[in-house]
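Given next are the chains, with one letter for each unit.
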Amino acid sequence: MVPDGLWELVAPLLPSFSPRPQGGGTALLGERAVFTVVVYVLTGGCAWRHLPETFGVSPATAHRRFTAWTKAGLWRRLHRAVLDELGARGELDWTSAIVDAASVRAKRGGSLTGPNPVDRGRKGSKLHVLSEAQGIPPAIAVSGANMHDSLALKPLIRGIPAVRSRRGPRRRRPVKLRADRPTSPPNTSPGCVNAASSHASRAPEGHSKVRDLVSR
């Protein structure tokens, strides 16, 4: 089972689940058991069809519930709940933020794919991550693999939610941004960028093609 602390955050966010109107089927499973299975699949890379029987949850049930939770926006709300909990404890380090990206193949295509310039033009997506100094990500986004990293920088900064603080108002800006040369805005040196000035600037052309990954 998932830890008690995590479940206390998850339970209030889960949408109500209604049995099939035609009746029949198996008895309803506990939400915590199903959530544990979904976390196992998402973090361990296990295919749904290879889910171990020891969990007591069928692959079809786990995937169906995962799909329903995704449509209900659970992952975005859980992400913010976790950030708020960590922020209230003073466990987020806002002294700097690190921005990076990684490309993955997308064999089935989709709206957020594009020809990958480092994979012979095969279809792919790019995952953009902005993490605070300890590696916890306040903002995550996805785009086509052919989008330049610099075009995702400002949308990522604007995508940082207002997070609870241990003392004082909510916070959403790190002191500094750290990025390598492909991610740095034009006319700046790789390394540190003032986060406040980047946040205030207008987003570059094409930013609408970058979408919040957590909400999907």
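Fair warning: this is a prediction, and the values are worked out from it, not measured in the lab.

Peer 1: How do you make sense of the overall build of the protein chain when you look at a structure like this?
Peer 2: Of regular secondary structure, the protein chain possesses six helices and seven strands. For the protein chain, the N- to C-terminal ordering of α and β elements is α-α-α-α-β-β-β-β-α-β-β-α-β. Residues counted as buried form 37% of the 216 residues belonging to the protein chain. Restricting the contact set of the protein chain to residue pairs at least 6 apart, pairs at least 24 apart contribute 62%. Carbon and sulfur atoms make up 52% of the accessible area of the protein chain, which amounts to about 12,700 Å² in all.

Peer 1: Help me understand the environment of Val-142 in this model?
Peer 2: Considering the arrangement of structural elements, one finds Val-142 in strand β4 (residues 139–144). A relative accessible area of 7% means that Val-142 is categorised as buried. Val-142 sits 29 residues away from Thr-113 along the chain, and the two C-alpha atoms are 9.0 Å apart.

Peer 1: Would you explain helix α3 (residues 59–71) in this entry?
Peer 2: Turn by turn, an α-helix covers 3.6 residues, leaving residues three or four places apart pointing in a common direction. Taking 1.5 Å of rise per residue, 13 residues should cover 18 Å, and α3 covers 18 Å from first to last C-alpha, within 8% of that figure. Against α2 (31–44) and α4 (74–88) lie the buried residues of α3.

Peer 1: Quick question: what am I supposed to make of the pattern of salt bridges here?
Peer 2: Close approach of charged atoms lets side chains of opposite charge pair. This model, assessed by the stated rule, comprises eight salt bridges. Across the pair Asp-84 and Arg-170 runs a salt bridge whose closest N-O atoms are separated by 3.0 Å. Pair noted here: Asp-84 is in helix α4 and Arg-170 is in the loop between α5 (149–158) and β5 (176–179), with a separation of 86 residues, a long-range link. Of the charged contacts, one joins Lys-126 and Asp-149 as a salt bridge, the two residues approaching to 2.9 Å between their closest N and O atoms. You can see Lys-126 sitting in strand β3 (residues 123–132) and its partner Asp-149 sitting in helix α5, a full 23 residues away along the chain. Judged on exposure class, the residue Lys-126 and its partner Asp-149 are both buried. Each of Glu-85, Arg-89 and Glu-91 takes part in salt bridges that share partners, so that together they form one network.

Peer 1: Mind showing me how you'd approach the pairing of strand β1 (residues 97–105) here?
Peer 2: On a regular strand, one side chain projects to one face of the sheet and the next to the other, so that they alternate. In this sheet, β3 lies alongside β1 in antiparallel orientation, the contact comprising nine bridges. Bridge pairing links Val-104 to Ser-125 in β3. With two bridges connecting them, β1 and β5 associate as parallel partners. Counterpart to Ile-98 in the pairing with β5 is Arg-178.

Peer 1: Before we go on, may I ask you to explain unusual backbone geometry in this structure?
Peer 2: Note: most residues except glycine have negative phi, and most peptide bonds are trans. Residue Arg-120 is not a glycine yet carries a positive backbone phi of 55°. Tracing the sequence through the fold places Arg-120 in the loop between β2 (114–115) and β3.

Peer 1: Is there a simple way to think about the packing of aromatic side chains in this case?
Peer 2: Each aromatic ring pair is specified by the distance between its two centres and by the angle formed by the two planes. By the definition in use, this model includes six aromatic pairs. Relative to Trp-69, the ring of Phe-35 has its centre 5.9 Å away and its plane inclined at 50°; by these criteria the two rings are tilted. One end of the pair, Phe-35, is in helix α2; the other, Trp-69, is in helix α3, and 34 residues separate them in sequence. Residues Trp-48 and Phe-66 carry aromatic rings whose centres are separated by 5.4 Å and whose planes lie at 40° to one another, so their mutual orientation is tilted. Here Trp-48, found in the loop between α2 and α3, pairs with Phe-66, found in helix α3; they are 18 residues apart in sequence, far enough to count as distant. Each member of the pair, Trp-48 as well as Phe-66, is classed as buried. An aromatic cluster of at least three residues, connected via ring pairs, comprises Trp-7, Phe-35, Trp-48, Phe-66, Trp-69 and Trp-75.

Cut-offs applied
- Residues numbered from 1 in each chain as written.
- Predicted model: local features only at pLDDT ≥ 70, side-chain atom pairs only at ≥ 80, totals over all residues.
- Heavy atoms only, no water.
- Helix = DSSP H or I, 4+ residues; strand = E, 2+ residues; numbered from the N terminus.
- Buried < 20%, exposed > 50% of the residue type's maximum accessible area, 1.4 Å probe, protein only.
- Contact = heavy atoms within 4.5 Å.
- Areas by Shrake-Rupley, 256 points an atom, 1.4 Å probe, with all protein chains shown as cover.
- Expected span 1.5 Å × (residues − 1).
- Salt bridge = Lys/Arg side-chain N within 4 Å of Asp/Glu carboxyl O.
- Pairing = 2+ DSSP bridges.
- Phe/Tyr/Trp six-rings, centres within 6.5 Å; stacked < 30°, edge-to-face > 60°.

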